[in-house]
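Each chain, letter by letter, is given below.
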Amino acid sequence: MADVAGNHVSAAAEDPAQVAPKRAARQHSLRMLAFLAVLALFSCALFMTLGARGNWSFVLPFRAPKLAAMIVVGHAIALSTVIFQTLSGNRILTPSIMGFDALYALIQTLMVVVAGTAFVTAADPMALFFAQTAVMILFALGLYGSLIGRGARDLLRLLLVGVILGVLFRSLAGFLQRLIDPNAFVVLQDRLYASFNGIETDLLAVAVVAIGLVTFAFWRLLPQLDVLALGRDTAISLGVDPVRLTQLSLGLVAVLVSVSTALVGPVTFFGLLVASLAVALVGSRRHAETLIAASLIAVICLVGGQTILERVLGFDTALGIIIEFLGGIVFLAIVLKRGIQ
Amino acid sequence: MIEAVALTKLYGDSRVVDGASLTLDAPGVTAIIGPNGAGKSTLLSMIARLLPIDEGKAFVDGLDVTRAKGDELARRISVLRQENGLLARLTVRDLIGFGRFPHSKGRLTANDHVKITEALAFLDLEPLAERFLDELSGGQRQRAFVAMVLAQDTKAILLDEPLNNLDIRHAVSMMRLVRRAADELGKIVVVVLHDINFASAYADRIVAMREGRIVVDGPVEAVVSEETIEAVFGLPVLVREIEGQRTCLFRR
């Protein structure tokens, strides 16, 4: 981390009593990260082993892709949400609330309508995936780049525009879906509302690579994003170009949303839930800490929640609903709290 | 160091800044004054590349501000505008550390920590170093932001209405700070001010603007006179020398 080395210098130069609170704050967030990491690992181990009967060579290939998908999706949603909140300059907006995944659904629908089901089912899934992601990036930049890149700080307007765009995309997609023939609709539905139970392994491999690359790119951008969190004017004064950084990051966020939506379909409030929890638990002093915490919380929620629901309570596929319910409550709580202040 | 050549900013048909030219080379405090809507902040923002320039050019150390690389400019000129909301919850030391970003790109070196400590000391912020910004009063937070700008260690510093929302005591201590930055650290400081008497008391040079144009530009004695102030603000005033300081007085 940036100031680990420096701490010794400043500690030597100053009264130790003043350095202590900083140490305490850092240690608190590091302890919290370690705790979350242990909890996440524990959830994964439990998911893989709990109630496993019979041959491991059967259990592992059966459960491992599902686990991998949950980790990849959780990380993608956490990363995209925290970054998007920095780009839009507030802690309420998320890519889903701004209609990103509705945009993805619209692009998917358009593809089936324009190119036909034969093309969609026959095409190389990787090529198709890259093509979709490219279109998604273009649209995301065109639509949202101008909206949040120019220092628009009017939160209510952004929120309103996002909600309306989301409704527009969903309605357009719904309209087109009613026009196509039922067979095409089934193909489309399969692609749009996949769940953790029906992960395509080849798509999963692409997703892991894509998200790995995006994570690496963001890791390089983190210091600049830390500066951007100080506000547009301060960022410019410190030599960061907010427009360029915002466009680059929005493109990367579009990749993350494409990947996670392609794997499990849209989730509206999950990102908000994990991002808010991460800020509450480790603070928001550096993106690195907040991001790692958000990813770990996402994995704990998805894997832990799925384990408890599936193996302990014996329910199936209800996790999404529960997470959305909790996330919705968190969203309302944040909005109301802001309103009172 | 700073050279603005016929800078113009258009909003629709109205010329908010209209062909303003300004050259700043020597260390010292320059105050930009003028009535509301005279284009003071807009001029400052264009020089600081916060706003696009419609006509004219601005140079910092010979670098064209619209073309030069962001970090090269950030090592030469810094700007502080009215405080806007922070997304991250930071301590004073964290914030000041960001001032070193143009030099170290987020990985603070031993030299950066020396600069941070110096900035803390210069603004008497040591006791507050580990406090979070949202736990501070408005005046203290303003000082923390100025400390960040000082840690950036640029030759030129632009401050846009730094006295906004400060009571008289904090306003005076802010202007004393600005003075010390010019005198002790040899900075070229440009401040946008509303109060003529603050400009008269602390600036070396005053640039007066009206309707987007620079109408007077000179030392305090040349600008703070009854005729000039009336011409700039459209308001009759009395100017008296009180204990060696030109002071504007208003009639009831």
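Owing to the predicted nature of the structure, the values given are computational and were not obtained by experimental measurement.

I keep staring at the pairing of strand β12 (residues 245-249) of chain B and nothing clicks. Help me out?
On any regular strand, side chains alternate: one points to one face of the sheet, the next to the other face. Residue and element names in this part refer to chain B. Summarising the sheet, strand β11 (residues 238-242) and β12 pair through 5 bridges and their orientation is antiparallel. Pairing of Leu238 across the sheet is with Leu249, part of β12. Between β11 and β12, which pair antiparallel and follow one another directly, the connecting turn spans 2 residues, one of which, Glu243, has a positive phi of 50 degrees.

Would you mind going over the packing of helix α3 (residues 56-88) of chain A against helix α9 (residues 201-228) of chain A with me for this structure?
When two helices pack together, their arrangement is given by the angle between the helix axes and the distance between those axes. Residue and element names in this part refer to chain A. Contact pair α3 / α9: the axes reach a minimum separation of 10 Å and the direction vectors enclose 25 degrees. With respect to their mutual orientation, α3 and α9 come out roughly parallel. At the point where α3 passes α9, the crossing takes the left-handed sense. Judged by residue contacts, Pro65, Ala68, Ala69, Val72, His75, Ala76, Leu79, Ile83, Thr86 and Leu87 of α3 engage Leu204, Ala207, Val208, Ile211, Thr215, Phe218, Leu225 and Leu228 from α9. Grouping the amino acids of the contact of α3 with α9 by side-chain chemistry returns 15 nonpolar, 3 polar and no charged.

Hey, could you run me through the packing of aromatic side chains in this one?
Geometry of an aromatic ring pair is reported as the spacing of the ring centres plus the angle between the planes. Applying the stated criterion across every chain yields a total of 2 aromatic pairs over all chains. Relative to Phe100 of chain A, the ring of Phe84 of chain A has its centre 5.7 Å away and its plane inclined at 75 degrees; by these criteria the two rings are edge-to-face. Taken together, the residues Phe84 of chain A in helix α3 and Phe100 of chain A in helix α4 (residues 100-115) connect sequence positions 16 residues apart. We classify Phe84 of chain A as buried; its relative accessible area is 0%. The lysine or arginine in question, Arg89 of chain B, covers the ring of Phe132 of chain B, its NZ or CZ lying 4.0 Å from the ring centre.

Explain the domain arrangement of chain B here, please?
Frequently, the measure chosen for interface size is the accessible area removed from exposure when the parts meet. All names here are of chain B. For chain B, the assigned domains are domain 1 (2-76 + 155-249) and domain 2 (85-153). A straight line from the C-alpha centre of domain 1 to that of domain 2 covers 25 Å. Domain 1 puts 15 residues into the contact, and the matching count from domain 2 is 13 residues. Between domain 1 and domain 2 the total buried area reaches about 1300 Å² when both faces are included, carbon and sulfur atoms providing 68% of it. Taken together, the connections running from domain 1 to domain 2 amount to 2 salt bridges.

Whenever I open this one, the sheet that holds strand β5 (residues 63-64) of chain B confuses me. Can you help?
Working definition: the strands of a sheet are paired by backbone hydrogen bonds and lie parallel or antiparallel to each other. All names here are of chain B. Strand order in the open sheet formed by 4 strands is β2-β1-β4-β5, with antiparallel pairing between adjacent strands. Taken across any chain shown, the strands that pair with only one partner, and hence form the sheet edges, are β2 (14-24) and β5. Judged from the 7 bridges that link them, strand β1 (residues 2-11) and β2 form a sheet pairing that is antiparallel. The residue of β2 that forms the bridge with Ala4 is Leu22. Seen against the sheet, helix α1 (residues 40-47) touches β1, β2 and β4 (55-60) and runs at an angle of roughly 120 degrees to β1.

Even after reading the chapter, I still don't get the nonpolar core, so can you show me in this structure?
In a soluble, globular protein the nonpolar side chains are often hidden away together inside. Counting residues in each nonpolar core, the largest one holds 153 residues, and the members touching the most others are Phe100, Phe218, Leu225 and Leu263 of chain A together with Ile96, Leu125 and Leu193 of chain B. Beyond its immediate stretch of four places on either side in the chain, Ile96 of chain B contacts Ile116, Ala119, Leu120, Leu125, Ala144, Ala147, Met148 and Ala151 of chain B. One finds Ile236 of chain A together with Ala20, Ile32 and Met46 of chain B within the second-largest nonpolar core, a separate group that totals 32 residues.

Before we go on, may I ask you to explain the interface of chain A and chain B in this structure?
Taken together, the contacts link 32 residues of chain A with 36 residues of chain B. Summing both sides of the interface, chain A and chain B together bury roughly 2900 Å²; the carbon and sulfur share of this comes to 58%. Considering only the side of chain A, the residues that lose the most area to chain B are Leu230, Leu238 and Arg285 of chain A, jointly responsible for 21% of the buried surface there. Where chain A touches chain B, the interface holds 2 salt bridges. The shortest N-O distance in the salt bridge between Asp94 of chain B and Arg285 of chain A comes to 2.7 Å. The interface formed by chain A and chain B holds 7 residue pairs in polar contact (both at pLDDT 80 or more) in total. When contributions to the side of chain A that touches chain B are tallied by element, the ones reaching two or more residues are α1 (4-13), α2 (16-49), α3, α9 and α10 (232-237) of chain A. At 5 residues, α10 of chain A tops the list of elements feeding residues into the side of chain A that touches chain B.

Sorry if this is basic, but what is going on with the pattern of salt bridges here?
Counted under the stated rule, the structure contains 26 salt bridges over all chains. Salt-bridge contacts for Arg232 of chain A lead to Asp233 of chain A; the nearest nitrogen and oxygen are separated by 3.0 Å. Using a relative accessible area of 23% as the deciding quantity, one classes Arg232 of chain A as partly exposed. Accessibility expressed as a relative area gives 12% for Asp233 of chain A, which makes it buried. In this structure, Arg75 of chain B and Asp71 of chain B form a salt bridge, with 3.9 Å as the shortest nitrogen-oxygen distance. If you follow the salt bridges from partner to partner, you end up with Arg232 and Asp233 of chain A together with Arg81 and Asp160 of chain B in one network.

Even after reading the chapter, I still don't get the environment of Ile97 of chain A, so can you show me in this structure?
Residue and element names in this part refer to chain A. Tracing the backbone through its elements, the reader meets Ile97 in the loop between α3 and α4. The spatial distance from the C-alpha of Ile97 to the C-alpha of Ile107 is 17 Å, given a sequence separation of 10 residues. Apart from the residues within four sequence positions on either side, Ile97 is in contact with Ile92, Leu159, Gly162, Val163, Thr268, Phe269 and Phe331.

Cut-offs and rules
Residues numbered from 1 in each chain as written. Chains lettered and ligands numbered in written order. Predicted model: local features only at pLDDT ≥ 70, side-chain atom pairs only at ≥ 80, totals over all residues. Heavy atoms only, no water. Pairing = 2+ DSSP bridges. Helix = DSSP H or I, 4+ residues; strand = E, 2+ residues; numbered from the N terminus. Axes fitted to C-alpha atoms, helices over the stretch in contact; angles between N-to-C directions. Parallel < 35°, antiparallel > 145°, perpendicular 65-115°, else oblique. Left-handed = near helix turned anticlockwise from the far one by under 90°. Contact = heavy atoms within 4.5 Å. Nonpolar A, V, L, I, M, F, W, Y, C, P; charged D, E, K, R; others polar. Phe/Tyr/Trp six-rings, centres within 6.5 Å; stacked < 30°, edge-to-face > 60°. Buried < 20%, exposed > 50% of the residue type's maximum accessible area, 1.4 Å probe, protein only. Lys NZ or Arg CZ within 6 Å of the ring centre and 35° of its normal. Domains from an automatic or database assignment. Buried area = accessible area lost by both parts, 1.4 Å probe. Salt bridge = Lys/Arg side-chain N within 4 Å of Asp/Glu carboxyl O. Core = buried A, V, L, I, M, F, W, Y, C linked by side-chain atoms within 4.5 Å. Polar contact = N/O pair within 3.5 Å; in protein donor to acceptor, adjacent residues only side chain to side chain.

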